[in-house]
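# Secondary and tertiary structure notes
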Amino acid sequence: MEPEIFINFKHYNNAVGTNSEKLLADFKSIKNQDSLYYCVAETDLYLQKSFPELHIYGQHVDSNGYGAFTGSVSMESLLDLGVKGSLLNHSEKRVDSSIIESIVKKSKELGFKIILCVENLDEAEKYSKLEPAYIAYEPPELIGGDISVSTARPEIIGQAAEICKGRTKLLVGAGVKTKEDVDTSMALGAAGVLIASGIIKNAKPINRLVSLMGNR
Ligand SMILES: O=C[C@H](O)COP(=O)(O)O
């Protein structure tokens, strides 16, 4: 199975606004886009219209639809832009569990894909029962660091995969940088990875992404 690679642009200076557009233009040159997903800043989601061939996803959504909801990011508005999914409950943007439940329920009604981030196995157990499109397991202490989750906590990937089996697909993230990290995660039962700094903070993001994909 081909690994699904979700690249979180976060709010890095070189990945927001016109810089986000430049990165997407670079990434567009990769032929096989089937399993690549670009999670851009909310202000850049309109770029889905300029790059219809790319899977552009959000970094956060709210539970409300259209209406008097100042500052909201509704799934309805993203779908109207052509954006078909989003991260939710990232360690850097945590959400109350009652809100998570209502967003995941609604996402399934709308056909919108939620990548629900969790910080530990208890959360993986609790939230996988909601059957979001994906659970993304990331130990917070490894996020943005040099040691990958597949190096530091390989056993936990297998345990998370066991929890998600039959309910949802598992992504793993934190410190992912190499093809070996991706291969190890896949071998342990993940469907793919969630990666940010390993690509975005690299001097040549496209080269790093291509190398992460290997010959795929
Ligand atoms: O969303 C991505 C994760 O927080 C992982 O970040 P990182 O690849 O910089 O460790």
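A brief look at the structure comes next. Keep in mind it's a predicted model, so treat the numbers as computed, not measured.

Along strand β8 (residues 192–195), one buried face is formed by G192 and L194 and the opposite face, lined by V193 and I195, is buried too. Both strand β1 (residues 4–8) and β8 contribute to a ladder of four bridges, which runs parallel. Among the inter-strand pairings, I7 is bridged to a residue of β8, identified as I195. Remark: the strand β7 (residues 169–173)/helix α7 (residues 179–187)/β8 crossover connection has right-handed handedness.

Glancing now at helix α1 (residues 18–27). Every buried residue of α1 is accounted for by S20, L23, L24 and F27. Buried residues in α1, looked at end-on, bunch into an arc of 100°, giving them a common side. Within α1, the exposed residues directed more than 90 degrees away from the buried face are T18 and K22. On its buried side, α1 packs onto β2 (36–39), β3 (55–57), α8 (197–200) and α9 (205–213).

Taken as a whole, the largest pocket spans an internal volume of roughly 340 Å³. Together, 16 residues line the largest pocket, and E42, Q59, H60, E92 and K93 are the ones closest to its centre. For the lining of the largest pocket, the per-class residue count stands at four nonpolar, seven polar and five charged.

Inspection of the region around the ligand gives N8, K10, H90, E138, I143, G144, A174, G175, L194, I195, A196 and S197 as its neighbouring residues. The backbone of G144 places a nitrogen or oxygen atom 2.7 Å from an oxygen atom of the ligand. G175 places a polar main-chain atom, nitrogen or oxygen, 2.8 Å from an oxygen atom of the ligand. Using a 2 Å cut-off from the grid points, one finds that the ligand occupies the largest cavity.

With that out of the way, let us pick up the environment of R208. Here R208 lies in helix α9. A distance of 3.0 Å separates a polar atom in the side chain of R208 from the backbone oxygen of K177.

Here the focus is empty space enclosed by the protein. For the coordinates displayed, the defined rule picks out two cavities of 30 Å³ or more. Considering only enclosed or pocket space, the largest cavity measures out at about 120 Å³ in volume. Forming the boundary of the largest cavity are 15 residues, of which K10, E138, A174, I195 and A196 lie nearest the centre. Elements that contribute at least two residues to the lining of the largest cavity include exactly β8 and α8.

A few words now on the packing of α1 against α9. Interaxial distance between α1 and α9 falls to 9 Å at its minimum, and their mutual angle equals 40°. If you check the angle between α1 and α9, you find them oblique. Crossing of α1 against α9: the hand is right-handed. When α1 is examined against α9, the residues L23, D26 and F27 are found in contact with a partner set consisting of P205, I206 and L209. Taken together, the residues that form the contact of α1 with α9 break down as five nonpolar, no polar and one charged.

Further remarks concern the pattern of salt bridges. Within this structure, the stated rule accounts for 13 salt bridges. Among the salt bridges present, the one from R94 reaches E123, with a minimum N-O distance of 2.6 Å. Of the two residues, R94 sits in the loop between β4 (85–88) and α3 (97–110) while E123 sits in helix α4 (residues 121–128), which places them 29 residues apart along the sequence. Residue classification places E123 among the buried positions, given a relative accessible area of 14%.

Here is what the cut-offs are and how they apply
- Residues numbered from 1 in each chain as written.
- Predicted model: local features only at pLDDT ≥ 70, side-chain atom pairs only at ≥ 80, totals over all residues.
- Heavy atoms only, no water.
- Buried < 20%, exposed > 50% of the residue type's maximum accessible area, 1.4 Å probe, protein only.
- Helix = DSSP H or I, 4+ residues; strand = E, 2+ residues; numbered from the N terminus.
- Pairing = 2+ DSSP bridges.
- Right-handed = clockwise from strand over helix to strand, strands pointing away.
- Arc of directions from axis to C-beta.
- Contact = heavy atoms within 4.5 Å.
- 1 Å grid on protein atoms, 1.4 Å probe; cavity = no way out; pocket = protein on both sides within 12 Å on 5 of 7 lines; lining within 4 Å.
- Points joined across faces, edges and corners; volume = space filled by probe spheres on them.
- Nonpolar A, V, L, I, M, F, W, Y, C, P; charged D, E, K, R; others polar.
- Near = heavy atom within 4 Å.
- Polar contact = N/O pair within 3.5 Å; in protein donor to acceptor, adjacent residues only side chain to side chain.
- Sits in = over half its atoms within 2 Å of the grid points.
- Axes fitted to C-alpha atoms, helices over the stretch in contact; angles between N-to-C directions.
- Parallel < 35°, antiparallel > 145°, perpendicular 65-115°, else oblique.
- Left-handed = near helix turned anticlockwise from the far one by under 90°.
- Salt bridge = Lys/Arg side-chain N within 4 Å of Asp/Glu carboxyl O.

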